[in-house]
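Residue strings, one per chain:
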Protein chains: 2
Amino acid sequence: MFSKETEYALRGLVYIQTQNILGNRPGTDEIAREIEAPRFYTAKILQRLVRMGFLMSLKGKGGGFFFDKKKPELTIKELILATEGDKILTGCGFGLNNCTPDRPCKLHEQYILIREDIDKLVSSETIQSLAKK
Amino acid sequence: MFSKETEYALRGLVYIQTQNILGNRPGTDEIAREIEAPRFYTAKILQRLVRMGFLMSLKGKGGGFFFDKKKPELTIKELILATEGDKILTGCGFGLNNCTPDRPCKLHEQYILIREDIDKLVSSETIQSLAKK
DNA sequence: TTATAAAAAGACTAGAAGGTCTTTTAGTAT
DNA sequence: ATACTAAAAGACCTTCTAGTCTTTTTATAA
């Protein structure tokens, strides 16, 4: 469904948020261990997320990752769009690139419904809402 | 959603079936052109499908690809399982590999519903049903 | 003010997916 | 029989995803 990068980002961010709630700022080693993801790869992905402004970090002793509480909640959709673009939400199931609403391909009608459900799900859930579950 | 291989296979097989209905046995060049897919890659994918028994072919003049009319219709699901395994139909949206019904992950409940819809769609549609549309 | 801790940066590697091309094999029509 | 046609086989290449590792920068605590 999603790429590894999106998966690790999703799991990592939810873990960070659950720790933030407890007053902690986890670091890459802890995060990677807890979400069962490769250590260095997780670090790289988190760095990208910081650069994109989704997340904040502090270097040095006592440092780690945390969310800016002034910012609105981060929807899964925003995260997916940033890590792997909109192909899941705009692409056609049949794989015909010239499949448009007026010239739909043979799987279009049925696939549209599924795509809308995916869109609804990733639009309504946020990192913060998942962290509370 | 699907891999390129699955996409080209899907489009190629539907094209072959529509041509079979008209009494034709299209070859790799024609198929690749019509479904807008890379020529040699399409040929390779069709060869694999023949080896897997989904399709038949004839070499030499007047040769090409065709379906065995004695066989039952080929569901999209069978095709997907053969080309990319069952990860789309069994995998977890959240990407947690130890996500089971009794220990569900945080996106499980909602994702399950979408996965079931996908399963229903690919189980009900066949190459033959798509070719008729 | 220095030792230490942790993120940032970026080079590098492995493997898989996607794609190309040439040669071989096997039919078919003449 | 032979020439031609088309699939089969398989080597090869390219690109992208996933993952590793080392070095550099920056902050903090003692």
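Report on the accompanying structure. Here the structure is a predicted model, which is why all the values come from computation and not from measurement. Counting from 1, residues in each chain are numbered in the order their sequence is written. Key to labels: chains lettered from A, ligands numbered from 1, both in the order written. With the structure being a predicted model, the display of local features is reserved for residues of pLDDT at least 70 and the display and counting of side-chain atom pairs for 80 or more, all residues being used for whole-chain, interface and lining totals. The side-chain quantities take in all heavy atoms of the structure and omit both hydrogens and water.

### A few points about the overall build of chain A
Segments assigned H or I by DSSP are reported as helices when at least four residues long, segments assigned E as strands when at least two residues long, and all are numbered from the N terminus. The secondary structure content of chain A amounts to seven helices and two strands. Taken across its 133 residues, chain A has 47% of its residues classed as buried. Taking the contacts inside chain A whose residues are at least 6 apart along the sequence as the reference set, 62% of them involve residues at least 24 apart. The accessible surface values rely on the Shrake-Rupley method and a 1.4 Å probe; as for residues, cover is taken only from the protein chains in view. Per element, the accessible surface of chain A, about 7,200 Å² overall, is 54% carbon and sulfur. Each residue's exposure class comes from its accessible area (1.4 Å probe, protein chains only) as a fraction of the maximum for that residue type: buried when under 20%, exposed when over 50%, partly exposed otherwise. For this analysis, residues touch if any pair of their heavy atoms sits within 4.5 Å.

### Focus on the protein's contact with DNA strand D
If even one non-hydrogen atom of a residue comes within 4 Å of a molecule or strand, that residue is called near it. The environment of DNA strand D is formed by 24 residues, the closest being K4, P38 and K44 of chain A together with G27 and S57 of chain B. The sugar-phosphate share of atoms of DNA strand D within 4 Å of the protein amounts to 64%. By the criterion applied in these results, polar contacts are pairs of N or O atoms within 3.5 Å in which, for protein atoms, one can donate a hydrogen and the other can accept it, and in which residues neighboring in sequence qualify only through two side-chain atoms. At a separation of 3.1 Å, a phosphate oxygen of DNA strand D approaches a polar side-chain atom of T28 of chain B. Between R51 of chain B and DNA strand D, the recorded distance is 3.3 Å, taken from a side-chain N or O atom to a phosphate oxygen.

### Some remarks on the relation of the copies chain B and chain A
When chain B is fitted to chain A, the best match, at an RMSD of 0.1 Å, comes from turning it 180° and sliding it 0.0 Å along the axis. Taken together, the rotation and translation describe the operation of a two-fold axis. When you check the interface residues of chain B against chain A, 100% turn up at the interface there too, and the contact is symmetric in its surfaces. Only residues with pLDDT of at least 70 in both copies count here: their C-alpha atoms drive the least-squares fit that superposes the copies.

### A closer look at the interface of chain B and chain A
Tallying the contact residues gives 24 residues for chain B and 24 residues for chain A. A simple way to read buried area is as the amount of 1.4 Å-probe accessible surface that goes missing from two parts once joined, with both sides added. Buried surface at the junction of chain B and chain A, summed over both partners, amounts to about 2,500 Å²; 65% is from carbon and sulfur atoms. Interface area lost by chain B to chain A is led by M1, F94 and K106 of chain B, which between them contribute 23%. The tally of links between chain B and chain A comes to two residue pairs in polar contact (both at pLDDT 80 or more). Breaking the side of chain B that touches chain A down by element, the ones donating at least two residues are α1 (4–21), α6 (108–124) and α7 (127–132) of chain B. The element contributing the most residues to the side of chain B that touches chain A is α6 of chain B, with six residues. Its residues assigned to classes, the side of chain B that touches chain A comprises 13 nonpolar, four polar and seven charged. Three residue categories are used. Nonpolar comprises Ala, Val, Leu, Ile, Met, Phe, Trp, Tyr, Cys and Pro, charged comprises Asp, Glu, Lys and Arg, and polar comprises the others, including Gly.

### Remarks on the protein's contact with DNA strand C
Contacts to DNA strand C come from 25 residues, most closely from G27 and S57 of chain A together with P38, K44 and K61 of chain B. For DNA strand C, the backbone portion of the atoms within 4 Å of the protein, that is sugar and phosphate, comes to 64%. G60 of chain A is positioned such that a nitrogen or oxygen atom in its backbone is 3.3 Å from a sugar or linking oxygen of DNA strand C. In this structure, Y8 of chain B approaches DNA strand C through a side-chain N or O atom, which is 3.3 Å from a phosphate oxygen. For the surface near DNA strand C, the secondary-structure elements that each account for two or more residues are α3 (39–51), β1 (56–58) and β2 (64–66) of chain A together with α1 and α3 (39–51) of chain B. Take the surface near DNA strand C: its biggest share by element is four residues, from α3 of chain A. When the residues that make up the surface near DNA strand C are grouped by side-chain class, the tally is eight nonpolar, eight polar and nine charged.

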